[in-house]
Amino acid sequence: MLTFQEEKFAPFFADGQELFPLHHQELALNQDKIKMDLDAESYQRLEDAGRLFVLTGRVNGKLVGYLVAFPVPNHLHYKSAGPMCLTDMYYVLPEWRNGIGAKLFTEFEKRMRARGVVQIMTGCKKHQDHSKLLEILGWENSDLTFIKVLI
Amino acid sequence: MSRLDRVIALIAVETGCPDITEQTPINDLVKDSLEFLQLMIEVRDKLGDFPDDLLSKIDTVGDVLRALEGTLC
């Protein structure tokens, strides 16, 4: 049985140890130069400050997908607009990619609406483009992101 | 034809899977999230409507019917 739930960072981080390397291998660029090294202490500090949102998808308790985001009470550019939330990362195990990703995003939106969040922001890799899926869900493509490795 | 039969018939046509029942998981009928959403859009276009926030609760063909009826909670 598939369930979605908000979780504390610590148990999510423990269960995610099998998924994080898969996530990194599939999506990260320049892996030879920049290694995966999740900063658990900083995530925990963010959670303690109310600035971390962790949504998981579990099938019979087994972690199969997640969406992590950073809610802020006010955006630096739009102080009076209301709370906003930016996704940090999201992932679904390949063998479960038959609808769970879409459900993860609808669940994310539902929970953000319930919190009074006025705008949610996300992204995707150019080499794994989710534009169509997000646009069907009502998201607007607003930005392009560029990187340049300096080492 | 009952509402359930219409849901089953439409999903069977859209997915090319004839042997579906009320208990069939939607996940078994689609290959990814995009197909899942496209199937739900077809259902809504042809059979009725339900809010996006119910999408995360739809697991089976029967759940689609309940979403259309407003009884999925």
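Residues numbered from 1 in each chain as written. Chains lettered and ligands numbered in written order. Predicted model: local features only at pLDDT ≥ 70, side-chain atom pairs only at ≥ 80, totals over all residues. Heavy atoms only, no water.

*Asks:* How do you make sense of the overall build of chain B when you look at a structure like this?
*Replies:* Scanning chain B from N- to C-terminus turns up 3 helices and 0 strands. The secondary structure elements of chain B, listed N-terminal to C-terminal, are α-α-α. On C-alpha atoms alone, chain B measures out to a radius of gyration of 11 Å, which is about the 11 Å that the 2.2 N^0.38 rule sets for 73 residues. Over its C-alpha atoms, taken along the principal directions, chain B stretches across nearly 30 × 25 × 20 Å. (Helix = DSSP H or I, 4+ residues; strand = E, 2+ residues; numbered from the N terminus. Rg over C-alpha atoms; globule rule 2.2 N^0.38 Å.)

*Asks:* Could you clarify how one ought to interpret the nonpolar core in this entry?
*Replies:* Across soluble globular proteins, nonpolar side chains show a tendency to be buried alongside one another. Core analysis: the largest hydrophobic core is formed by 62 residues, its most contacted members being Phe-108 of chain A together with Ile-11 and Ile-26 of chain B. Apart from the residues within four sequence positions on either side, Phe-108 of chain A is in contact with Phe-53, Leu-55, Leu-67, Ala-69, Cys-85, Thr-87, Ile-120 and Trp-139 of chain A. (Core = buried A, V, L, I, M, F, W, Y, C linked by side-chain atoms within 4.5 Å. Buried < 20%, exposed > 50% of the residue type's maximum accessible area, 1.4 Å probe, protein only. Contact = heavy atoms within 4.5 Å.)

*Asks:* Where do I start with unusual backbone geometry in this structure?
*Replies:* All names here are of chain A. Phi at Asn-30 is positive, roughly 55 degrees, even though this residue is not glycine. Residue classification places Asn-30 among the partly exposed positions, given a relative accessible area of 30%. Non-glycine residue Asn-60 carries a positive phi angle of around 50 degrees. If you trace the backbone, Asn-60 turns up in the loop between strand E2 (53-59) and strand E3 (62-72).

*Asks:* Would you take a moment to explain helix H4 (residues 100-114) of chain A for this structure?
*Replies:* All names here are of chain A. Helix length check: H4, at 15 residues, gives a terminal C-alpha distance of 21 Å against a target of 21 Å (1.5 Å per residue), a fit within 8%. For H4, the tally of buried residues reaches 11 of 15 residues, placing the bulk of the element in the interior. After H4 finishes, the residue Gly-116 shows a positive phi value of roughly 85 degrees. (Expected span 1.5 Å × (residues − 1).)

*Asks:* I would appreciate a short explanation of the interface of chain A and chain B in the present structure.
*Replies:* Where interface size is quoted, it is often the accessible area lost as the parts come together. Residue-level contacts link 16 residues of chain A with 17 residues of chain B. Taking both sides of the interface into account, the surface hidden between chain A and chain B amounts to around 1,400 Å²; carbon and sulfur atoms contribute 59%. Counting the surface chain A buries against chain B, the share from its top three residues, Asn-98, Lys-103 and Ile-136 of chain A, is 39%. Counting the contacts that link chain A with chain B gives 6 residue pairs in polar contact (both at pLDDT 80 or more). Element by element, the count of residues in the side of chain A that touches chain B is highest for H4 of chain A, at 7 residues. When its residues are assigned to classes, the side of chain A that touches chain B shows 7 nonpolar, 4 polar and 5 charged. (Buried area = accessible area lost by both parts, 1.4 Å probe. Polar contact = N/O pair within 3.5 Å; in protein donor to acceptor, adjacent residues only side chain to side chain. Nonpolar A, V, L, I, M, F, W, Y, C, P; charged D, E, K, R; others polar.)

*Asks:* I keep staring at the side chain of His-24 of chain A and nothing clicks. Help me out?
*Replies:* Within the secondary structure, His-24 of chain A is located in helix H2 (residues 19-27). Judged by its relative accessible area of 17%, His-24 of chain A falls in the buried class.

*Asks:* Sorry if this is basic, but what is going on with helix H3 (residues 61-69) of chain B here?
*Replies:* Residues that lie three or four places apart on an α-helix share one face, since the helix turns once every 3.6 residues. All names here are of chain B. In terms of residue burial, H3 counts as a mostly covered element, since 7 of its 9 residues are buried. Buried residues in H3 make contact with helix H1 (3-15) and helix H2 (33-47). Immediately downstream of H3, the backbone of Gly-70 shows phi near 75 degrees, a positive value.

*Asks:* Would you take a moment to explain the packing of aromatic side chains for this structure?
*Replies:* Each aromatic ring pair is summarised here by two numbers: the centre-to-centre distance and the angle between the ring planes. Under the definition given, this model contains 12 aromatic pairs over all chains. For the ring pair Phe-9 of chain A and Phe-12 of chain A, a centre distance of 6.3 Å and an interplane angle of 65 degrees mean the geometry is edge-to-face. In this pair, Phe-9 of chain A and Phe-12 of chain A are both assigned in helix H1 (residues 9-15), 3 residues apart and thus about one turn of the helix distant. With respect to class, Phe-9 of chain A is no different from Phe-12 of chain A; both count as buried. On the basis of an interplanar angle of 70 degrees and a centroid distance of 5.2 Å, the ring pair of Phe-12 of chain A and Tyr-66 of chain A is categorised as edge-to-face. Taken together, the residues Phe-12 of chain A in helix H1 and Tyr-66 of chain A in strand E3 connect sequence positions 54 residues apart. A relative accessible area of 0% means that Tyr-66 of chain A is categorised as buried. An aromatic cluster of at least three residues, connected via ring pairs, comprises Phe-9, Phe-12, Phe-13, Phe-20, Tyr-43, Tyr-66, Phe-70 and Tyr-91 of chain A. Note that Arg-44 of chain B overlies the ring of Phe-50 of chain B, its terminal NZ or CZ placed 4.9 Å from the centroid. (Phe/Tyr/Trp six-rings, centres within 6.5 Å; stacked < 30°, edge-to-face > 60°. Lys NZ or Arg CZ within 6 Å of the ring centre and 35° of its normal.)

Without other data, these values stay purely geometric and don't point to any function.
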